[in-house]
Each structure stands twice: as C-alpha cells, then as structure tokens.
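In case you want the letters, here they are:
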Amino acid sequence: MKSEHLEDSIILIHAHLTSQIRKDFCHAFIKQFKSFGYDVILTTHAPVDRDTQELADYVIYDKDNLLLKNPEYRGYINFYTGGFDIMSREFVKQNTILAVLRLLLAGTAYAKLLKKKVIHIFDYDGYLENDLELQDNYNKIKNGSQGVLYERVKEQINCDDGRGGIYNRHWQIMTLVMSLDVDFLYTRLSKYTNKHLEEQMVYWGIQCGEELLAYVLGVSFLNKD
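It should be emphasised that the depicted structure is a prediction, and the values quoted were computed from it without experimental measurement.

Visitor: Teacher, can you tell me more about the overall build of the protein chain here?
Guide: Broken down by element type, the protein chain carries eight helices and eight strands. Relative to its 225 residues, the protein chain shows a buried fraction of 44%. Nonlocal contacts in the protein chain, meaning residues at least 24 apart in sequence, comprise 66% of its contacts between residues at least 6 apart. Total accessible area on the protein chain stands at roughly 12500 Å², and carbon and sulfur atoms take up 50% of it.

Visitor: What exactly am I supposed to notice about the pairing of strand β2 (residues 40–44) here?
Guide: Consecutive side chains of a regular strand alternate in pointing toward one face of the sheet and then the other. For β2, the tally of buried residues reaches five of five residues, placing the bulk of the element in the interior. Alternating positions in β2 separate into two faces, Val40, Leu42 and Thr44 on one and Ile41 and Thr43 on the other, with burial throughout. Alignment of strand β1 (residues 9–15) against β2, held across five bridges, turns out to be parallel. Directly across from Leu12, in β2, lies its bridge partner Ile41. After leaving β1, the chain enters helix α2 (residues 20–36) and then returns to the sheet as β2, a path that is right-handed. Across four bridges, the pairing between β2 and strand β3 (residues 58–61) is parallel. The residue bridging Ile41 from the neighbouring strand is Tyr58, located in β3. As a crossover connection, the stretch from β2 through helix α3 (residues 50–55) into β3 is right-handed.

Visitor: Explain unusual backbone geometry to me, please; I cannot follow it from the model alone.
Guide: Even without glycine at this site, Lys115 takes up a positive phi of about 65 degrees. With respect to the secondary-structure elements, Lys115 resides in the loop between α4 (97–113) and β6 (118–123).

Visitor: Quick question: what am I supposed to make of the side chain of Ser220 here?
Guide: The residue Ser220 is located in the segment after α8 (210–216) in this model. Look at Ser220 and you get buried, because its relative accessible area is 13%. Those residues in contact with Ser220 that lie beyond four places of it in its chain are Ala214 and Tyr215.

Visitor: Could you clarify how one ought to interpret the packing of aromatic side chains in this entry?
Guide: In this description, an aromatic ring pair is defined by two values, namely the gap between the centres and the angle between the planes. Per the counting criterion, the structure on display carries five aromatic pairs. Ring centres of Phe29 and Phe33 lie 4.6 Å apart, and the angle between their planes is 50 degrees; on these two criteria the pair is classed as tilted. One end of the pair is Phe29 and the other is Phe33, both in helix α2 and four residues apart, which spans about a single turn. Judged by its relative accessible area of 0%, Phe33 falls in the buried class. With 5.3 Å between their ring centres and 50 degrees between their planes, Tyr58 and Tyr110 make a pair best called tilted. Of this pair, Tyr58 sits in strand β3 while Tyr110 sits in helix α4, and the two are 52 residues apart along the sequence. Overall, the relative accessible area of 25% leaves Tyr58 in the partly exposed class. Classification of Tyr110 as partly exposed rests on a relative accessible area of 29%. In this structure, Lys112 is placed above the aromatic ring of Tyr186, and the distance from its NZ or CZ to the ring centre is 5.2 Å.

Procedures and definitions
- Residues numbered from 1 in each chain as written.
- Predicted model: local features only at pLDDT ≥ 70, side-chain atom pairs only at ≥ 80, totals over all residues.
- Heavy atoms only, no water.
- Helix = DSSP H or I, 4+ residues; strand = E, 2+ residues; numbered from the N terminus.
- Buried < 20%, exposed > 50% of the residue type's maximum accessible area, 1.4 Å probe, protein only.
- Contact = heavy atoms within 4.5 Å.
- Areas by Shrake-Rupley, 256 points an atom, 1.4 Å probe, with all protein chains shown as cover.
- Pairing = 2+ DSSP bridges.
- Right-handed = clockwise from strand over helix to strand, strands pointing away.
- Phe/Tyr/Trp six-rings, centres within 6.5 Å; stacked < 30°, edge-to-face > 60°.
- Lys NZ or Arg CZ within 6 Å of the ring centre and 35° of its normal.

Structural data, given as structure tokens:
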C-alpha cells in the first residue's frame, strides 16, 4: 500500500519529444519517479510513441500548440562578452509560454479528476537523486501552504503608485521543480485569458516564461490579490 504522500501526489511532466535524445532524457526521468512510487502525467503538443505512452501512467496529447511569433511577445536572449552585453529579441523565433500554460492546465485538470491533492511539475529533462524534497514540499502544502516555488531572479525597483512603494518588479521563478496544491494551481491557471496575458506582456514588459508564470501564479507585484 502506498504512503499518504504518494497517494495524494502526482508528477506532471510537460514535454515536446521531437528527437530521440529528448525522448531518452524523458524516459529516464519518468523511470526515476516510478522508482520512487509516483504516478506520472505527461502532457505534450507532439505525438508520442507507444513506449512513452506505456511508460507514463497518463498521457495527454493536445495538438493545439499556441505559439506567439509577433516580436512584441518574444523574450530576450542575452549574450555576454568581456567588453559589452547584447540583449535582443532577434534571436528568439517564438514565444511558447501560452502553449506551456495550456499543458500545465490540462495536466492539473486531470490531477483534479484523479482527486490528487499535490502536483509536482517538471520539464522533461530533469534528474532527482531521491524524492526527499518532494516529500518536504508535500508536508508544507498539507500544513496549509498553497505551493512551494523557487526564486531565480528578484529585482527591486521603485514603482510610482502614488505612495512611493518599493516592489519586487521582476520576479522569475525557477521552473526546474514546482510543487503546488492542485485546487490552487487549477484556479490560478484558469484565471486569465490568453488575450489578457498578451496585453500584460506588452504593457508591463513582462518577460515570457518564468516571469509571466510568476504573474499567473499570483506572486508578482502586478497581482492585486
């Protein structure tokens, strides 16, 4: 019989397995989670082979891959040199954040269907020596936290709100691992329309990816709730 944290938790891996090396990384990662005793949901916009379907417990394929190609929605890539830095959108072909959010929502909705309490989210190409951190995150959520997120970048700047407030203007969360209450995550991922998120990216200059995800999860200074 599974322990409580394994019964109540599920792993969500979002993947785009369009090459053999990606597939190999993903299979190895799924096998790690299975060895720990977790059920695994795989969500993807790319068709998956039969062996991948059999390896994961649940596979959600969504062919509606939402890509933003307009330059105003692209993120920046930085190149650093000894004398100067280059930051440009010209190196970025498209913004995939709406596609990722769609996969997260699909997986979270299925976790609700399975009556899971906690969801641990990963990219396809991670590695874990053990699941002690996931157990610790589960206990934090069980004791009342909405989730456990990891900070990548926080930059404080003055924002003129008429009161001279100082806010964490840019907060990117590290998406190598995220552990969240399933109901909370479903509510946050369902909250905003794609049109609204596109408008926020343009108006506030939110970087696509981890900074926008922080906004979706409600931890950005832009969130009023």
